[in-house]
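These are the residues of each chain, in order.
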Amino acid sequence: MNKIIFVLLIIGLLPSLVQAEDSASGDYRSDLGSGELDMIVDFSELDNLASSGRVDISQYGDLNYAASVQKGSELGLSMSQSGNQNKLTVTQLGDDQSVQIQQEGDENQANLYQNGYGNRVDVQQQGLDNLAKVEQVGSQNLAVVHQSGDGLVVGIQQYGNYNQAFVTQGNGW
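Here we summarise the structure given alongside this text.

What counts and what doesn't
- Within any chain, residue numbers begin from 1 and follow the written order of that chain's sequence.
- Where totals are concerned, whole chains, interfaces and linings use all residues; where local detail is concerned, this predicted model gives features only for residues with pLDDT of at least 70, and gives and counts side-chain atom pairs only at 80 or more.
- Note: side-chain values were computed over all heavy atoms of the structure, leaving out hydrogens and water.
- Here the nonpolar core consists of buried residues drawn from Ala, Val, Leu, Ile, Met, Phe, Trp, Tyr and Cys, with membership extended through side-chain atoms lying within 4.5 Å.
- Each residue gets one of three labels from its accessible area relative to the maximum for its type: buried under 20%, exposed over 50%, partly exposed in between, using a 1.4 Å probe on protein chains only.
- Contact definition: two residues touch when any of their heavy atoms are within 4.5 Å.
- Note on conventions: DSSP H or I runs of at least 4 residues are helices, E runs of at least 2 residues are strands, and numbering of each starts at the N terminus.
- What qualifies as a polar contact is a pair of N or O atoms within 3.5 Å, subject to a donor-acceptor requirement within protein and to the restriction that residues adjacent in sequence count only when both atoms come from side chains.

### Observations concerning the nonpolar core
Stage number 1. Grouped together as the largest cluster of nonpolar side chains are 20 residues, with contacts concentrated most on Met79, Ile101 and Leu112.
Stage number 2. With sequence-adjacent residues up to four places away left out, Met79 is seen in contact with Asp56, Ile57, Ser58, Ala66, Ser68, Leu88, Val90 and Ile101.

So this is what it looks like as structure tokens:
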């Protein structure tokens with residue numbers, strides 16, 4: 001069965017939000033840390049484009065944004081943001097792709113695109129106004145980004161197979 005997972009979050013003035021999809025039931029769960037809201041939305045009636053996809057999102061702070069599109073199978077995405085006005089966008093096309101993102105601070109941004117098989121991305125950003133952009137097209141590519149500081153920018157483009165990129169910036173690593 002094909003399945004689409006599309007997540008769009010705009011958080012304002014909320015103490016915390018944790019969201020996850022239950023892959024067994026196809027339900028999407030959203031829970032405020034204070035217990036004020038527990039919402040389940042069934043996406044089973046959509047024209048689904050991904051199978052065995054997993055999306056885990058945790059956001060703490062104000063005006064954070066996260067968006068994810070998955071099309072394929074065995075796709076994994078784990079996003080965590082703490083701070084204010086952080087932005088995450090992820091597109092995964094293909095099979096067996098994995099993304100892990102952690103942002104701490106304010107106004108950090110990560111834009112990730114994967115198309116192929118077996119690609120992996122790990123982004124960790126701490127500080128203010130950092131930007132990470134990663135594009136992977138091909139198979140078995142690996143990109144690891146660690147940024148700690150303010151105003152840091154990294155861009156990685158991997159085309160082909162078995163490419164590896166490791167970027168560490170700032171004085172906190």
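### Brief notes about the side chain of Gln81
Stage number 1. Looking at the element boundaries, Gln81 is found in strand β8 (residues 76-84).
Stage number 2. Among the polar contacts listed, one links the side chain of Gln81 to the backbone oxygen of Tyr65, at a separation of 3.4 Å.
Stage number 3. Once you skip the residues sitting within four places of it in the chain, Gln81 turns out to touch Ser58, Gln59, Tyr60, Asn64, Tyr65, Ala66, Asn86, Lys87, Leu88 and Gln103.

### Points about the environment of Gln136
Stage number 1. Positionally, Gln136 belongs in strand β13 (residues 131-139).
Stage number 2. Expressed as a C-alpha distance, the spacing of Gln136 and Asn115, which sit 21 residues apart in the sequence, is 6.2 Å.
Stage number 3. If we ignore the near neighbours within four places in the chain, the residues touching Gln136 are Tyr113, Gln114, Asn115, Asn119, Arg120, Val121, Asn141, Leu142, Ala143 and Gln158.
Stage number 4. Within the structure, Gln136 has its side chain in polar contact with the backbone oxygen of Asn141 (distance 3.5 Å).
Stage number 5. Among the polar contacts listed, one links the side chain of Gln136 to the side chain of Gln158, at a separation of 2.8 Å.

### A word on the environment of Glu104
Stage number 1. Its location among the elements puts Glu104 in strand β10 (residues 98-106).
Stage number 2. The spacing of Glu104 and Ser80 is 24 residues in sequence and 8.3 Å in space, taken between C-alpha atoms.
Stage number 3. Sequence-distant contacts of Glu104, that is, excluding residues within four places in its chain, are made with Ser82, Gln125, Gln126 and Gly127.
Stage number 4. Side-chain polar atoms of Glu104 contact the side chain of Gln102, separated by 2.7 Å.

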